[in-house]
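Listed here are the chains, written in short residue letters.
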Amino acid sequence: MNRQVSSLSRLAAEGRTDACILLSNKPWDTAAGVLIAREAGTTVTDAAGSPHTFSAGETIAVAPGIADALLQLISDARS
C-alpha cells in the first residue's frame, strides 16, 4: 500500500490529479507520500482539515486551491 499512497500523493503534488483521499490508514502507509506531497506544496490534512499528523486516521493530499471545497464535501458526506 505504501507505494500506492506515495504514487497518488506524487500525482497530486505534480498537479496530475486533484487529490488523494485515504479515510483509513496507518502511519507506515503514508509517511513517504505525505513527505513527497508536502515538499511539493500540496496541502496535507486529516479529514477535519487539521494539519496531518501520523496519529491521524485519514490522510487528504489535495491541491491548495481546492482544499477547502474538498474538505467540505468530505465533511458533508460523513455527516
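Residues numbered from 1 in each chain as written. Predicted model: local features only at pLDDT ≥ 70, side-chain atom pairs only at ≥ 80, totals over all residues. Heavy atoms only, no water.

## Regarding the sheet that holds strand β3 (residues 59-62)
Rules: Any two strands between which DSSP finds at least two bridges are classified as paired. Numbered from the N terminus, helices here are DSSP runs of H or I no shorter than four residues, and strands are runs of E no shorter than two. Fitted lines through C-alpha atoms give the axes, limited to the stretch in contact for helices. The angle between two N-to-C directions lies from 0 to 180 degrees. Residue contacts follow a heavy-atom distance rule, with two residues in contact if any of their heavy atoms lie within 4.5 Å.
Spatial ordering of the open sheet is given by β1-β3-β2, a layout of three strands whose pairing is antiparallel. The open sheet has two edge strands with one neighbour each: β1 (19-22) and β2 (43-45). Between one strand and the next, the sheet's axes are offset by a mean angle of 10 degrees, whatever the strand orientation. Direction of pairing for β2 relative to β3: antiparallel, over a ladder of three bridges. If you follow Val44 over to β3, its bridge partner there is Ala61. Relative to the sheet, helix α3 (residues 67-78) contacts β1, β2 and β3, its axis offset from that of β3 by approximately 145 degrees.

## What to know about the nonpolar core
Defined as follows: Among buried residues, those of type Ala, Val, Leu, Ile, Met, Phe, Trp, Tyr and Cys that are joined through side-chain atoms within 4.5 Å constitute a nonpolar core. Buried, partly exposed and exposed residues are distinguished by accessible area as a fraction of the type maximum, computed with a 1.4 Å probe on protein chains only: under 20%, between the cut-offs, and over 50%, respectively.
Ala47, Ile60, Val62, Ala67, Leu70, Leu71 and Ile74 together form the largest nonpolar core, which totals seven residues. Among the elements of the structure, β3 and α3 are those that each provide at least two residues to this core. By residue number, the principal contributor to this core is α3, which donates four residues. With residues near it in sequence (within four places) discarded, Ile74 still touches Ile21, Ala47 and Ile60. Judged by nonpolar contacts, the second largest core, of six residues, contains Cys20, Leu22, Val34 and Ala37.

## So, helix α2 (residues 27-39)
Counted only if it meets this: One less than the number of residues in a helix, times 1.5 Å, gives the span that helix is expected to have.
For α2, which comprises 13 residues, the first-to-last C-alpha distance of 18 Å matches the rise-based estimate of 18 Å (1.5 Å per residue) to within 8%. Taken from the residues just after α2, Gly41 is the one with a positive phi, measuring 95 degrees.

## Some words on the environment of Ile36
Relative to the elements of secondary structure, Ile36 occurs in helix α2. We classify Ile36 as partly exposed; its relative accessible area is 35%.

## Some details on the pattern of salt bridges
Cut-off, in case you're wondering: Basic side-chain nitrogens of Lys or Arg form a salt bridge, by our definition, when they fall within 4 Å of a carboxyl oxygen of Asp or Glu.
Counted under the stated rule, the structure contains one salt bridge. Among the ionic pairs, Glu58 bridges to Arg78, the shortest N-O distance being 3.7 Å. Here Glu58, found in the loop between β2 and β3, pairs with Arg78, found in helix α3; they are 20 residues apart in sequence, far enough to count as distant. For Glu58, a relative accessible area of 18% gives the class buried.

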